[in-house]
Amino acid sequence: MAEPWQNSANGNQHRGFSMSSDDDMIDITTTGTVTERSIHYDDPGTSHFAADGDEIPGIGQYEDFHTIDWQRDIARDRMRHRYIVKRRQNSLFDLVKGAHDAWSGWVCVLLVGLTTGVVAGVIDIGASWMSDLKYGICPSRFWFNREQCCWSSNETTSFETGNCSDWLTWSEVLGQSRTGAGAYIISYLMYIAWALLFASLAASLVRMFAPYACGSGIPEIKTILSGFIIRGYLGKWTLIIKSVGIMLSVSAGLSLGKEGPMVHIACCIGNILSYLFPKYGRNEAKKREILSAAAAAGVSVAFGAPIGGVLFSLEEVSYYFPLKTLWRSFFCALVAAFVLHSINPFGNEHSVLFFVEYNNPWIFFELVPFVGLGIIGGVIAAIFIRANLYWCKYRKTSKLGQYPVTEVLIVTAVTAVLAYPNPYTRMSTSELIYLLFRKCGVTNTDDLCDYNRNFTDVKSAVDLASAGPKVYRAMWLLVLALIFKLLATVFTFGIKVPCGLFIPSLCLGAIVGRIVGIGMEQLAFNYPHIWVFSGECSTMKDCITPGLYAMVGAAAVLGGVTRMTVSLVVVMFELTGGVRYIVPLMAAAMASKWVGDALGSHGVYDAHINLNGYPFLDSKEEFAHTSLAADVMQPKRNETLSVLTQDSMTVEDVETLMKETEHNGFPVVVSRESQYLVGFVLRRDLNLALAQARRAVEGLRPSSLVLFTSNSPQQPPQPGTPAPLLLKNILDMAPITITDQTPMETVVDMFRKLGLRQTLVTHNGRLLGVITKKDVLRYVKQLDNEDPNSVLFN
C-alpha cells in the first residue's frame, strides 16, 4: 500500500494537493515523484498546484449541496502559506506579497465590518420610516419618520398616540379630523392597505429574484459554517433582496424581526468580500473564518451588542472557531458597531436598542420569580417550537407550499386586521418592547403607568403605589397581545419573506415579565411587612421594578427558543445597559434552557435544520450508542464496493463506473484481488480531469489505461497501443482511515472535530467500505427512533 508521505531526494509529496500536467498525460516516462522544486503557482492565492504545466480548472472545489473536507482545505492552505514564506527572501515584490497575505484576513474583516455597519444603518432608517407610513406622513419633510417629525416641532408625544401637530395621520391627509369614528375607520383601512402593499412587494421580490432570501437564515448559516455548500445562499442577489425585503416585511407589521436576518446579511457581505482575497475566496475552510466574524458583526449591528455578537458566533452558529477567528470576530464586531453608532439610525445618544434608565438593586427573594419566569419562558418556547414545526411540515407537504405569495398576503391581512384594535399590537414590536422595559416616571402618561401617585418633586424617588384602573386594563390588553403574538409568530416564521425570531421572542417574554412584575409590585405594596419584603419595601420606596421583570422574561423566552445561555445574557445587558442585573438574567436563562431541553431536545434553529434535512452534525450533542464502524459503513459486508484500481482500468471502465454509480468519490486500490488501499479520488476531480484530457491529449481513446501511480506499467506498451492517462495528480494519497472495529463514538468525534467528509474502513490493510457524514447522521437518527431518510443532502 502506498505510504501517505513519499520522500524523494528533492522534497516531499504531501496529501490533498491537486497537481496537473499535460505532459504527464502524454508521456509517462517523464513522470516521477513531483517535488517541491517542480511545483509552481500561477497565483499565490490559488488553492491547487500545477506541475510543469497548467492546472485543471475547478480541481479541489465542491459541488452544490455537498460537504467540504476541512482537513484537505486546511492542509492546502498550509502548503500555500509555506510556499509564500519561502519566497519572501527572493525579492521585494515577494516580500510585499507575503505581507499582504499576512494582513489580508484583518483587511477582509475590516471591510466586512464597515459594510455591515452601513447596510444595517440603511435598513434601520428605512424600516423606521416605512413602518410609520402605515399611520401617516410628515408633510413638511416626507423623509422624516414620526419621531423625527415631532422632534422638529419640539412637542412631546406619548407611545399610544405618537402624534404631534407636524405629523398628519391619513385621516387628516384625506380631509377628516384626527379623532372620531370616521378617522378611526380611515386609519384602520390605510394600515391594512400599507401592510398588504409592503408584504406583497417583499414576497414578490423574494420569489422573482432571490428565493434564498426568505426566512431567518440562521439555520442555513449554521449548516454552511459546519462545512456545507449552498451555492447562491450568500450571493449578491440574496444580499440585495434580503436587505430590501426585511425593511418591507418589518414595515408590514408582521410578527417578525430584522435582527436574525441581519446575521444572514452580514454573512452575505463576508462571502462576497472574501473573493477579493483568494486566500479565503478559493478555500472553503478558510472562508468560514470570515463568515464566523461576519456573523458576529451581524448580531453586533442588530442589537448594538458587539461582545454579545462574538459570543453568539462562538456559542450558536460557528463550527470551527480557532483563537485567530475569535480576535478577528471581535475586531469585525467592533468596527460594525462603531460605524452604526456613527450613522446613529435611532437618533439618540444610545447605541443600544432598549436602553433602561433604572438602577435599583434587586432583592434576594426576587430570584424566585426570576426563575419562575425562566420556567414560563421555557414552556412558551417549547409550545412555539412544536407548533411552528408542525405548521412548517404541513406547509411542505400540502398545496399551501405551492402558493407562497398568497400565504404571505393571507397572514399579513389577518395580522393587520387583528393587530390594529389593540394599541399594544398596533405599534411596532420594538416600540412595544421598549415600552415594557421602561420605568414609570413623572412624564409617562401611558396606561401602564397609571398609579395613584402624587409627584411633588421631580427628583424624588418614586414610591410604591396602588395600580389604577388603566394599569389593569393594560394588563388585559397585554394578555390578549401575548396570545395574538404567539399565534401570529407560529404562522409567520417560515413564510417566504425575510423574517427573524429574536424580536418576537423578546416581545413574548417582555409581556409575561411585565405582568408578573406588576403583580409583584402590587404584592409588595399591599403586604410590605411580610418577611420577604420587610427590609427593602417597608419604607414604601420603589423596591420592585416591573421593567426588570420584563427584561428577565424577554431573556427567558429567547433563551428557550434558541437555547442560548452565555451569549444571551451578554446580549441582554448590552441591549439594555442593565449591567447590574446579570445574575437575574443568568438565573432565568439557565432555567429556561433546562425546561426547554426537558420538553424538546432542540432549539428552533436546530429543529429547522432537521426539518430541512441538512447534514449538520452537532458538536454539542453526545453519542452514547454502542456500535462499531462495520455496522455503519457502506456497502455492508458481502456486498460489492465500487473502487478504482491503480493501473488496470481503462478510460471506458472509469466512465462506466461513474455512470452506474452516484458516489461522490472512489477509493483507489492496488487491484480488485488484493483490495489494498492506495488513495481516494473525488468524483468531481475525476470528471474534470477526464474532460481536460479529452481536450488536451491527442490520441486519447476509450481503451487508454488510467494510471493512479507514478510507476510505469510492467509490460512495455505494444506498437499502436494508446499512451496511458496519468491521474495521480488528483489522488489523495493519505485519506483518513479507520478499522472495522473502531467504536462509533470515536468515529463521530472524528467527523465532528476533524470536519471529515468521509473516512475509509479497512481490515488488516484491506479496504472494506466507506463511511460518509450522511451515513453517520442517518445512523444516529435511526438509533434515536427518527426517520433516517430525512437527511436529504450529502
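Residues numbered from 1 in each chain as written. Predicted model: local features only at pLDDT ≥ 70, side-chain atom pairs only at ≥ 80, totals over all residues. Heavy atoms only, no water.

S.K.: Before we move on, could you go through the pattern of salt bridges and cite the residues and values that matter?
M.R.: Tallied over the full model, the rule gives 24 salt bridges. The shortest N-O distance in the salt bridge between Asp101 and Arg80 comes to 2.7 Å. On the criterion of sequence distance, the pair formed by Asp101 in helix α3 (residues 92-132) and Arg80 in helix α2 (residues 70-87) is long-range, its members being 21 residues apart. On the accessibility criterion, Asp101 (7% relative accessible area) is buried. With relative accessibility at 4%, the residue Arg80 sits in the buried group. Glu284 serves as the salt-bridge partner of Arg288, at 2.9 Å between the closest nitrogen and oxygen. (Salt bridge = Lys/Arg side-chain N within 4 Å of Asp/Glu carboxyl O. Helix = DSSP H or I, 4+ residues; strand = E, 2+ residues; numbered from the N terminus. Buried < 20%, exposed > 50% of the residue type's maximum accessible area, 1.4 Å probe, protein only.)

S.K.: Outline the packing of aromatic side chains, listing residues and values.
M.R.: The way to describe two aromatic rings as a pair is by their centre distance and the angle between their planes. Throughout the structure, instances matching the rule amount to 21 aromatic pairs. Their ring planes at 75° and their centres at 5.9 Å tell us that Tyr184 and Tyr188 sit as a pair that is edge-to-face. One end of the pair, Tyr184, and the other, Tyr188, are both in helix α6 (residues 181-209), four residues apart, so they sit about a helical turn from each other. When its relative accessible area of 36% is taken as the criterion, Tyr184 is described as partly exposed. Their ring planes at 70° and their centres at 5.4 Å tell us that Phe303 and Phe502 sit as a pair that is edge-to-face. Placement of Phe303 in helix α11 (residues 284-303) and of Phe502 in helix α19 (residues 502-526) is noted, with a sequence separation of 199 residues between them. Judged on exposure class, the residue Phe303 and its partner Phe502 are both buried. By way of ring pairs, the aromatic residues Tyr135, Tyr184, Tyr188, Tyr191 and Tyr420 are connected into one cluster. Above the ring of Tyr420, the side-chain terminus of Arg426 is found at 4.2 Å from the ring centroid. One cation-aromatic arrangement involves Arg766 over Tyr676; the distance from NZ or CZ to the ring centre is 6.0 Å. (Phe/Tyr/Trp six-rings, centres within 6.5 Å; stacked < 30°, edge-to-face > 60°. Lys NZ or Arg CZ within 6 Å of the ring centre and 35° of its normal.)

S.K.: Residues and numbers for the packing of α19 against helix α20 (residues 546-562), please.
M.R.: Viewed as axis vectors pointing N to C, α19 and α20 meet at an angle of 140°, and their least axial separation amounts to 6 Å. Considering the angle they form, α19 stands oblique to α20. Classified by chirality, the crossing of α20 by α19 is right-handed. (Axes fitted to C-alpha atoms, helices over the stretch in contact; angles between N-to-C directions. Parallel < 35°, antiparallel > 145°, perpendicular 65-115°, else oblique. Left-handed = near helix turned anticlockwise from the far one by under 90°.)

S.K.: Now, about the packing of helix α15 (residues 404-419) against helix α18 (residues 469-492): what can you tell me, with residues and values included?
M.R.: Across the interface, α15 lies against α18 with an axial gap of 11 Å and an inter-helix angle of 170°. Between α15 and α18, the interaxial angle falls into the category roughly antiparallel. Contacts between α15 and α18 involve Val411, Thr415, Leu418 and Ala419 from the first element and Phe484, Phe491 and Thr492 from the second. (Contact = heavy atoms within 4.5 Å.)

S.K.: Describe the environment of Gly372, and please don't skip the residues or the numbers.
M.R.: Looking at the element boundaries, Gly372 is found in helix α14 (residues 367-397). Between the alpha carbons of Gly372 and Ala591 there is a distance of 8.1 Å; along the sequence they are 219 residues apart.

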